[in-house]
Amino acid sequence: MPNTDHDRAHSMNSPPGHDPSGEREPLKHQTDIARAAALIADPSRARMLKCLGDGRALPANALATEAGIGAATASAHLAKLVEGALLTVEQRGRHRFYRLAGPDVSAALECLALIAPPLAINSLKQSNRAIALHRGRSCYDHLAGRLGVALMRGLLERGILTGHDGIHRPDEAVRDQPASYGHDVRYRLTRTGRMELAGLGIETDRLPPRRPAIRYCVDWSEHQHHLAGGLGAVLTARLFALDWVRWGRSPRVVDLTDTGAHGLERTLGIVLTDAMAPAGRDPRTGHDQEERT
């Protein structure tokens, strides 16, 4: 969940024209797209950026391992990403931890995924990772994929949020595009919703400052809306605290636990399908499935 110190650091390291509240100021100059694109274009740097897409800070050695490169090479790449304002770095003892400079970087990577050719899947492990990302993943600090979309649908059907049905219809969209923050719809938190979320331990009058309380993204894999903004971040953090969701084995993958499956059904009326079953469990029997690697 975002905190004041991180938000302050984000603001200090943000490029011109960026507003940490989530709304952009009018640009008074041309932007250097080529420089940003060049930073992302290197395969090793791209892998490290994707690894940081869940908003967590990771040490340099973990990022080097994910990119499949040596420590010295990773250090050089990370220095360029920090200099280019795509990453921030903090010292923790003897180690440096890196994180995305903000949600705009994550959103840019999601948008690039729409026009990028698919990576070749050459193993069962790679196939299972792709399936897991579709099932449940982080979109910076909130939930996406089938899990995130189902959560949004539950909030709407329960009357916690109102304003739209959560379906992205390209032929009716004005500004909304896949894999980006939405602008065409204004969701609102209801009075009933405030009380129900309070029952989950979420104080909706104390959401993170300097960012929109309620936003949505058009999910790139599901083509529906998932919840973003301050409420999306706080709700996601609460689900982690309750152990209803856990980080998966691969970067950005979020797994639903058995406790979370029952909790979401009880509190939000979300009934899981086979494709959304808790990782490692057969939704029909509740027994462990055979481990796949």
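Going by the structure above, here's the rest.
Residues numbered from 1 in each chain as written. Predicted model: local features only at pLDDT ≥ 70, side-chain atom pairs only at ≥ 80, totals over all residues. Heavy atoms only, no water.

### Observations regarding the overall build of the protein chain
Logical step 1: The helix and strand inventory of the protein chain stands at 11 helices and 12 strands.
Logical step 2: Burial statistics for the protein chain: of 293 residues in total, 44% are counted as buried.
Logical step 3: The contacts in the protein chain between residues at least 6 apart in sequence include a share of 60% that link residues at least 24 apart.
Logical step 4: Accessible area for the protein chain stands at about 16000 Å²; split by element, carbon and sulfur atoms hold 52% of it. (Helix = DSSP H or I, 4+ residues; strand = E, 2+ residues; numbered from the N terminus. Buried < 20%, exposed > 50% of the residue type's maximum accessible area, 1.4 Å probe, protein only. Contact = heavy atoms within 4.5 Å. Areas by Shrake-Rupley, 256 points an atom, 1.4 Å probe, with all protein chains shown as cover.)

### Description of the sheet that holds strand S9 (residues 215–218)
Logical step 1: Read from one edge of the open sheet, three strands run S7-S9-S10, paired in antiparallel fashion. With partners counted over all chains shown, the strands left at the sheet margins are strand S7 (180–181) and strand S10 (225–228), one partner each.
Logical step 2: Bridge count between S9 and S10: four bridges; the pairing is antiparallel. Among the inter-strand pairings, Tyr 216 is bridged to a residue of S10, identified as Leu 227.
Logical step 3: Lying on the sheet, helix H8 (residues 145–157) is in contact with S9 and S10; it crosses S10 at an angle near 85°.
Logical step 4: Running at roughly 85° to S10, helix H10 (residues 229–241) makes contact with S9 and S10 of the sheet. (Pairing = 2+ DSSP bridges. Axes fitted to C-alpha atoms, helices over the stretch in contact; angles between N-to-C directions.)

### As for empty space enclosed by the protein
Logical step 1: Inspection of every chain in the model, using the stated rule, returns five cavities of 30 Å³ or more.
Logical step 2: Along its surface, the second largest cavity is lined by 13 residues, and Ala 107, Glu 110, Cys 139, Ser 180 and Cys 217 are the ones closest to its centre.
Logical step 3: At the level of secondary structure, the elements contributing two or more residues to the lining of the second largest cavity comprise helix H6 (103–115), S7 and S9.
Logical step 4: It is H6 that provides the largest number of residues to the lining of the second largest cavity, a total of four residues.
Logical step 5: Here the lining of the second largest cavity is built from residues that sort into eight nonpolar, four polar and one charged. (1 Å grid on protein atoms, 1.4 Å probe; cavity = no way out; pocket = protein on both sides within 12 Å on 5 of 7 lines; lining within 4 Å. Points joined across faces, edges and corners; volume = space filled by probe spheres on them. Nonpolar A, V, L, I, M, F, W, Y, C, P; charged D, E, K, R; others polar.)

### Describing the packing of helix H3 (residues 43–51) against helix H4 (residues 60–67)
Logical step 1: It is the contact of H3 with H4, at a shortest axis distance of 9 Å, that shows an interaxial angle of 120°. With respect to H4, the element H3 is oriented oblique. Crossing angle aside, the handedness with which H3 passes H4 is right-handed. On the side of H3, the interface is formed by Ser 44, Arg 47, Met 48 and Cys 51, while H4 contributes Leu 63, Glu 66 and Ala 67.
Logical step 2: In terms of residue class, the contact of H3 with H4 is built from four nonpolar, one polar and two charged. (Parallel < 35°, antiparallel > 145°, perpendicular 65-115°, else oblique. Left-handed = near helix turned anticlockwise from the far one by under 90°.)

### A closer look at the pattern of salt bridges
Where side chains of opposite charge bring their charged atoms close, a pairing between them can arise.
Logical step 1: All chains considered together, the criterion is met by 12 salt bridges.
Logical step 2: Here Arg 137 makes a salt bridge to Asp 219, at a shortest N to O gap of 3.0 Å. Remark: Asp 219 occurs in the loop between S9 and S10 and Arg 137 occurs in strand S4 (residues 137–139); sequence separation between them is 82 residues. Like Asp 219, Arg 137 is buried. (Salt bridge = Lys/Arg side-chain N within 4 Å of Asp/Glu carboxyl O.)

### So, the pairing of strand S2 (residues 87–92)
Logical step 1: Relative to strand S3 (residues 95–100), S2 is paired through six bridges, and the arrangement is antiparallel. Opposite Glu 90, over in S3, you have Phe 97 as the bridge partner.
Logical step 2: Here S2 folds back onto S3 in antiparallel fashion, the turn holding two residues, of which Gly 93 has a positive phi close to 65°.

### Re the side chain of Ser 44
Logical step 1: Locating Ser 44 in the fold gives a position in helix H3.
Logical step 2: Ignoring anything within four residues of it in the chain, the contact list for Ser 44 reads Ala 67, Ile 69 and His 77.

### Looking at the packing of aromatic side chains
Logical step 1: Enumeration over the complete set of coordinates arrives at two aromatic pairs.
Logical step 2: Ring geometry for Tyr 187 versus Tyr 216: centroids 5.4 Å apart, planes at 85°, classification edge-to-face. Within this pair, whereas Tyr 187 is found in the loop between S7 and strand S8 (188–189), its partner Tyr 216 is found in strand S9, the two being separated by 29 residues in sequence. The pair formed by Tyr 187 and Tyr 216 is uniform in burial state, with each residue classed as buried.
Logical step 3: Over the ring of Trp 247 we find Arg 56, and its NZ or CZ is 3.8 Å from the ring centre.
Logical step 4: Stacked on the ring of Phe 97, the Lys or Arg Arg 92 has its end atom at 4.3 Å from the ring centre. (Phe/Tyr/Trp six-rings, centres within 6.5 Å; stacked < 30°, edge-to-face > 60°. Lys NZ or Arg CZ within 6 Å of the ring centre and 35° of its normal.)

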